[in-house]
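One-letter residues, chain by chain:
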Amino acid sequence: MKIDDLTISRSIIESYLEKFLGSLQVDVALVGAGPSNLIAGYYLAKAGLKAVIFESKLAPGGGMWGGGMMFNEGVIQSDALPIIKEMGIGFKDKGDGYYTMDTVEATSAIISRCIQKGTIVFNLIKVTDVLFREAEGKKRVSGLVLNWSPVEHLGLSVDPLSIKASYVVDGTGHPAEICTIITKKIDAKLNTRTGGVVGEMSLWANEGEQFTVANTKEVFPGLYVAGMAANNVFGGPRMGPIFGGMILSGKKVAEIISLKAKR
Ligand code: 48F
């Protein structure tokens with residue numbers, strides 16, 4: 001076969017634009033491609049919803065690749081094992097309900113399963129703001145404002161583009177960026193004890209893991225939190241390199257939104 005350079009370029013541009021145009025109006029827009037949102041993306045697609053994930057970095061996967069202190073193994077507890085099995089990820093039984101998984105295998109597997117199920121992942125796009133609408137005095141998050149990560153990184157004055165979504169999930173991990181943005185920019189009162197981002201506490205694995213799942217919920221009309229963002233927003237401890245909570249949180253947010261969307 002003789003290779004034509006222009007056909008390569010045209011093919012890439014056409015296929016990318018097809019994905020991007022198809023993502024301008026979605027059921028669910030997820031910010032951050034960490035483990036929680038990737039699992040959410042998988043289950044949202046499985047439930048038949050149109051979902052899209054925007055990740056600011058080159059590689060999706062968030063904080064899972066590096067395991068604990070760059071030892072590329074992560075722990076999961078028995079509660080999350082059925083999901084690990086559904087993803088086809090290998091694991092080692094360490095006894096007493098603890099399992100380890102190779103975090104390079106686990107991260108690449110959940111990225112792949114999420115996309116294969118039908119949720120598109122855009123990398124190198126940073127979410128810089130939300131769209132919001134106000135009706136009868138009530139504000140609601142109704143989409144995302146996007147720009148290329150290098151534009152933001154270089155501080156270039158280039159206006160963003162936006163997309164519409166029925167539901168938005170802040171899965172940006174420790175910084176809980178979307179919740180932080182809306183408290184500043186639209187004076188949003190979040191569904192937390194302070195009305196703002198409460199702030200993450202120091203490490204306590206047992207409490208942190210339960211806190212993540214319990215606080216995976218709607219935090220402002222149209223906006224949900226999943227994963228480590230839930231701990232920061234609602235004021236719970238971090239948990240370190242145990243990933244069951246992240247995975248269960250992703251599944252939970254997908255289930256909550258799927259139920260709402262189908263009502
Ligand atoms: O931090 P991250 O992995 O979030 P997570 O799913 O998982 C947390 C664990 O990895 C770990 C932990 C478990 O014990 O504590 O930290 O809650 O992934 C968050 C992703 O969001 C991206 C960021 O690059 C990362 O890949 N992100 C953050 N802000 C933005 C963003 C933004 N404004 N736009 C797009 N992506």
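In short, a report on the structure.

**Details of the packing of aromatic side chains**
Move 1: All told, the structure shown has eight aromatic pairs when counted by the stated rule.
Move 2: Ring plane angle 65 degrees and centroid distance 6.1 Å describe the contact between Tyr167 and Tyr224, whose orientation is recorded as edge-to-face. With Tyr167 in strand E9 (residues 161–170) and Tyr224 in strand E11 (residues 223–225), this pair connects stretches of sequence that are 57 residues apart. There is no split in this pair, since Tyr167 and Tyr224 are both buried.
Move 3: The side chain of Lys217 reaches across the aromatic face of Phe234, ending 4.6 Å from its centre.
Move 4: Note that Lys251 overlies the ring of Tyr43, its terminal NZ or CZ placed 5.2 Å from the centroid.

**Section: the nonpolar core**
Move 1: With 41 residues, the main nonpolar core has Val28, Met101, Ile247 and Ile257 as its most contacted residues.
Move 2: At the level of secondary structure, the elements contributing two or more residues to this core comprise strand E1 (25–31), helix H2 (35–46), strand E2 (51–54), helix H3 (81–87), strand E5 (98–102), helix H4 (103–117), E9 and helix H9 (244–262).
Move 3: Considering every element that reaches this core, the biggest residue donor is H2, with six residues.
Move 4: Setting aside anything within four residues of it in sequence, one finds Val28 in contact with Leu44, Leu49, Lys50, Ala51, Val52, Ala165, Tyr167, Val169 and Ile257.

**Points about the pattern of salt bridges**
Move 1: Summed over all chains, the structure comprises seven salt bridges.
Move 2: Across the salt bridge formed by Asp129 and Lys185, the nearest N and O atoms sit 3.0 Å from each other. Note that Asp129 is positioned in strand E7 (residues 125–135) and Lys185 in helix H6 (residues 177–185), a separation of 56 residues in sequence.
Move 3: Note on Lys185: relative accessible area 54%, which makes it exposed.
Move 4: Taking the shortest distance from any N to any O, the salt bridge between Glu218 and Lys260 comes out at 3.3 Å. With Glu218 in strand E10 (residues 217–220) and Lys260 in helix H9, this residue pair connects regions lying 42 residues apart in the sequence.
Move 5: For Lys260, a relative accessible area of 31% corresponds to the partly exposed category.

**A closer look at the packing of helix H7 (residues 205–214) against H9**
Move 1: Direction vectors running N to C along H7 and H9 enclose 10 degrees, while the axes themselves pass 8 Å from each other. Comparing their axes, H9 and H7 come out roughly parallel. Every residue of H9 that contacts H7 at Glu209, Thr212, Val213 and Ala214 is listed here: Gly244, Gly245, Met246, Leu248, Ser249 and Lys252.
Move 2: Class assignment for the residues of the contact of H7 with H9 results in four nonpolar, four polar and two charged.

**Things to note about H7**
Move 1: All of the buried residues in H7 are Gly208, Glu209, Phe211 and Thr212. Buried residues along H7 cover an arc of 165 degrees about the axis, so they all sit on one side.
Move 2: In this structure, the buried residues of H7 make contact with strand E3 (73–77), helix H8 (228–234) and H9.

**Some words on the site of the ligand**
Move 1: Around the ligand there are 28 residues in total, and Ser36, Glu55, Gly63, Glu177 and Gly240 lie nearest to it.
Move 2: Here Val127 contributes a backbone N or O atom positioned 2.9 Å from a nitrogen atom of the ligand.
Move 3: In this structure, an oxygen atom belonging to the ligand sits 2.8 Å away from a main-chain N or O atom of Met228.
Move 4: Look at the ligand: alone it shows 730 Å² of surface, and the protein chains cover 93% of it.
Move 5: Of all the elements in the fold, those that place two or more residues in the shell around the ligand are H2 and E7.

**What to know about the sheet that holds E5**
Move 1: The three strands are arranged E3-E5-E4 in an open sheet whose pairing can be described as antiparallel. The strands lining the two open edges of the sheet, one partner per strand, are E3 and strand E4 (92–95). Each strand of the sheet is rotated relative to its neighbour by a mean of 35 degrees, with strand direction disregarded.
Move 2: Pairing analysis gives five bridges linking E3 to E5, with the strands arranged antiparallel. Directly across from Glu73, in E5, lies its bridge partner Asp102.
Move 3: Sheet contacts for H4: E3 and E5; angle to E5, the most-contacted strand, approximately 75 degrees.

Rules behind the numbers
- Residues numbered from 1 in each chain as written.
- Predicted model: local features only at pLDDT ≥ 70, side-chain atom pairs only at ≥ 80, totals over all residues.
- Heavy atoms only, no water.
- Phe/Tyr/Trp six-rings, centres within 6.5 Å; stacked < 30°, edge-to-face > 60°.
- Helix = DSSP H or I, 4+ residues; strand = E, 2+ residues; numbered from the N terminus.
- Buried < 20%, exposed > 50% of the residue type's maximum accessible area, 1.4 Å probe, protein only.
- Lys NZ or Arg CZ within 6 Å of the ring centre and 35° of its normal.
- Core = buried A, V, L, I, M, F, W, Y, C linked by side-chain atoms within 4.5 Å.
- Contact = heavy atoms within 4.5 Å.
- Salt bridge = Lys/Arg side-chain N within 4 Å of Asp/Glu carboxyl O.
- Axes fitted to C-alpha atoms, helices over the stretch in contact; angles between N-to-C directions.
- Parallel < 35°, antiparallel > 145°, perpendicular 65-115°, else oblique.
- Nonpolar A, V, L, I, M, F, W, Y, C, P; charged D, E, K, R; others polar.
- Arc of directions from axis to C-beta.
- Near = heavy atom within 4 Å.
- Polar contact = N/O pair within 3.5 Å; in protein donor to acceptor, adjacent residues only side chain to side chain.
- Areas by Shrake-Rupley, 256 points an atom, 1.4 Å probe, with all protein chains shown as cover.
- Pairing = 2+ DSSP bridges.

Geometric descriptors of this kind do not, in isolation, establish any biological role.
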